[in-house]
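# Descriptive analysis of the structure
The lines below spell out each chain.
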Amino acid sequence: AETPDGFMYHTDTSKIESIHLPTAAGVTWTATPEDATQVEITGAADETMPDGTTHHVIKVKPVKSGVIAKVKLEKRDSADATAPVTETRTVNVMIH
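Let us look at the structure shown here. (Residues numbered from 1 in each chain as written. Predicted model: local features only at pLDDT ≥ 70, side-chain atom pairs only at ≥ 80, totals over all residues. Heavy atoms only, no water.)

### Some thoughts on the overall build of the chain
- The number of helices and strands found in the chain is zero helices and seven strands.
- When its helices and strands are written in sequence order, the chain yields β-β-β-β-β-β-β.
- For the chain, whose C-alpha radius of gyration is 13 Å, the value lies close to the compact-globule estimate of 12 Å for 96 residues.
- Expressed as a percentage of its 96 residues, the buried residues of the chain come to 32%. (Helix = DSSP H or I, 4+ residues; strand = E, 2+ residues; numbered from the N terminus. Rg over C-alpha atoms; globule rule 2.2 N^0.38 Å. Buried < 20%, exposed > 50% of the residue type's maximum accessible area, 1.4 Å probe, protein only.)

### Let's talk about the sheet that holds strand E7 (residues 85–95)
- Pairing within the open sheet is mixed, and its four strands lie in the order E1-E7-E6-E3. Looking along the sheet, the strands with just one partner apiece sit at the ends: strand E1 (8–11) and strand E3 (28–33). Strand-to-strand twist across the sheet, computed as the mean angle between neighbouring axes with direction ignored, equals 25°.
- Where E3 and strand E6 (residues 67–76) come together, six bridges link them in antiparallel fashion. When the sheet's bridge partners are listed, Ala31 is paired in E6 with Leu73. (Pairing = 2+ DSSP bridges. Axes fitted to C-alpha atoms, helices over the stretch in contact; angles between N-to-C directions.)

### Let's talk about the packing of aromatic side chains
- Under the counting rule described, the total for this entry stands at one aromatic pair.
- Seen from their ring centres, Phe7 and Tyr9 are 4.8 Å apart, and the 75° between their planes marks the pair as edge-to-face.
- Overall, Phe7 belongs to the partly exposed group, its relative accessible area being 32%. (Phe/Tyr/Trp six-rings, centres within 6.5 Å; stacked < 30°, edge-to-face > 60°.)

### So, the sheet that holds strand E4 (residues 39–48)
- Strands sit in the order E2-E5-E4 across an open sheet of three strands; the sheet is antiparallel. Among the strands making up the open sheet, the edge pair consists of strand E2 (17–22) and E4. Across the sheet, the axes of successive neighbouring strands diverge by a mean angle of 25°, strand direction being ignored.
- Where E4 and strand E5 (residues 54–62) come together, nine bridges link them in antiparallel fashion. Bridge pairing in E5 links Thr48 to Thr54.

Have a look at this one:
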(Lines give C-alpha, C1' and ligand atoms only; values in the text may rest on other atoms or scores of the structure.)
Protein backbone atom coordinates (compact mmCIF):
# COMPACT_ATOMS: atom_id res chain seq x y z
CA ALA A 1 0.00 0.00 0.00
CA GLU A 2 1.02 3.60 -0.52
CA THR A 3 2.78 5.19 2.47
CA PRO A 4 0.72 8.20 3.65
CA ASP A 5 2.04 11.52 4.93
CA GLY A 6 2.90 11.30 8.62
CA PHE A 7 3.24 7.50 8.64
CA MET A 8 5.31 6.03 11.51
CA TYR A 9 7.47 2.94 11.01
CA HIS A 10 8.35 1.03 14.20
CA THR A 11 11.62 -0.72 13.44
CA ASP A 12 15.17 -1.46 14.53
CA THR A 13 18.66 -1.22 13.03
CA SER A 14 18.55 -4.78 11.65
CA LYS A 15 15.78 -3.95 9.15
CA ILE A 16 15.36 -1.99 5.94
CA GLU A 17 11.97 -0.34 5.49
CA SER A 18 10.26 0.44 2.16
CA ILE A 19 8.39 3.70 1.57
CA HIS A 20 5.81 3.30 -1.23
CA LEU A 21 4.84 6.40 -3.22
CA PRO A 22 2.59 6.93 -6.24
CA THR A 23 4.35 7.56 -9.52
CA ALA A 24 3.73 8.18 -13.20
CA ALA A 25 5.77 9.00 -16.27
CA GLY A 26 8.00 12.01 -15.60
CA VAL A 27 7.40 12.05 -11.83
CA THR A 28 10.42 12.08 -9.51
CA TRP A 29 10.62 11.82 -5.73
CA THR A 30 13.51 13.04 -3.57
CA ALA A 31 14.04 11.57 -0.08
CA THR A 32 16.04 13.57 2.44
CA PRO A 33 16.68 12.42 6.02
CA GLU A 34 16.32 15.22 8.58
CA ASP A 35 19.42 13.79 10.31
CA ALA A 36 21.65 11.48 8.25
CA THR A 37 23.15 9.99 11.43
CA GLN A 38 19.75 8.45 12.30
CA VAL A 39 18.59 6.94 9.00
CA GLU A 40 20.01 6.55 5.51
CA ILE A 41 18.46 6.11 2.08
CA THR A 42 19.82 2.90 0.54
CA GLY A 43 17.90 2.78 -2.74
CA ALA A 44 15.00 4.06 -4.79
CA ALA A 45 13.30 2.61 -7.87
CA ASP A 46 9.94 2.19 -9.55
CA GLU A 47 8.49 -1.26 -8.85
CA THR A 48 5.41 -3.04 -10.17
CA MET A 49 3.12 -4.19 -7.37
CA PRO A 50 1.19 -7.51 -7.42
CA ASP A 51 -1.98 -5.63 -8.47
CA GLY A 52 -0.19 -4.19 -11.52
CA THR A 53 0.20 -0.61 -10.23
CA THR A 54 3.62 1.03 -10.12
CA HIS A 55 5.02 2.55 -6.92
CA HIS A 56 8.22 4.48 -6.42
CA VAL A 57 9.85 2.52 -3.58
CA ILE A 58 12.47 4.18 -1.38
CA LYS A 59 14.54 1.91 0.90
CA VAL A 60 15.36 3.35 4.33
CA LYS A 61 17.96 1.87 6.71
CA PRO A 62 17.63 2.76 10.41
CA VAL A 63 21.07 3.62 11.81
CA LYS A 64 20.69 4.94 15.38
CA SER A 65 18.54 3.28 18.06
CA GLY A 66 16.36 5.22 20.49
CA VAL A 67 15.32 8.03 18.12
CA ILE A 68 12.46 9.02 15.85
CA ALA A 69 14.02 9.85 12.49
CA LYS A 70 12.20 11.93 9.90
CA VAL A 71 12.44 11.58 6.13
CA LYS A 72 11.20 14.43 3.94
CA LEU A 73 9.79 13.34 0.58
CA GLU A 74 9.39 15.84 -2.27
CA LYS A 75 7.55 15.06 -5.50
CA ARG A 76 8.27 16.88 -8.75
CA ASP A 77 6.45 16.38 -12.04
CA SER A 78 9.79 16.50 -13.85
CA ALA A 79 13.29 15.05 -13.56
CA ASP A 80 14.59 18.62 -13.25
CA ALA A 81 15.72 19.10 -9.64
CA THR A 82 14.87 22.81 -9.89
CA ALA A 83 11.25 22.14 -10.95
CA PRO A 84 8.62 23.16 -8.39
CA VAL A 85 7.69 20.66 -5.68
CA THR A 86 4.10 19.48 -6.25
CA GLU A 87 3.72 17.37 -3.10
CA THR A 88 5.58 16.97 0.19
CA ARG A 89 5.28 14.15 2.70
CA THR A 90 7.10 13.34 5.91
CA VAL A 91 7.63 9.77 7.09
CA ASN A 92 8.74 9.00 10.65
CA VAL A 93 10.94 6.08 11.62
CA MET A 94 10.86 5.11 15.32
CA ILE A 95 14.04 3.11 15.80
CA HIS A 96 13.96 0.76 18.81
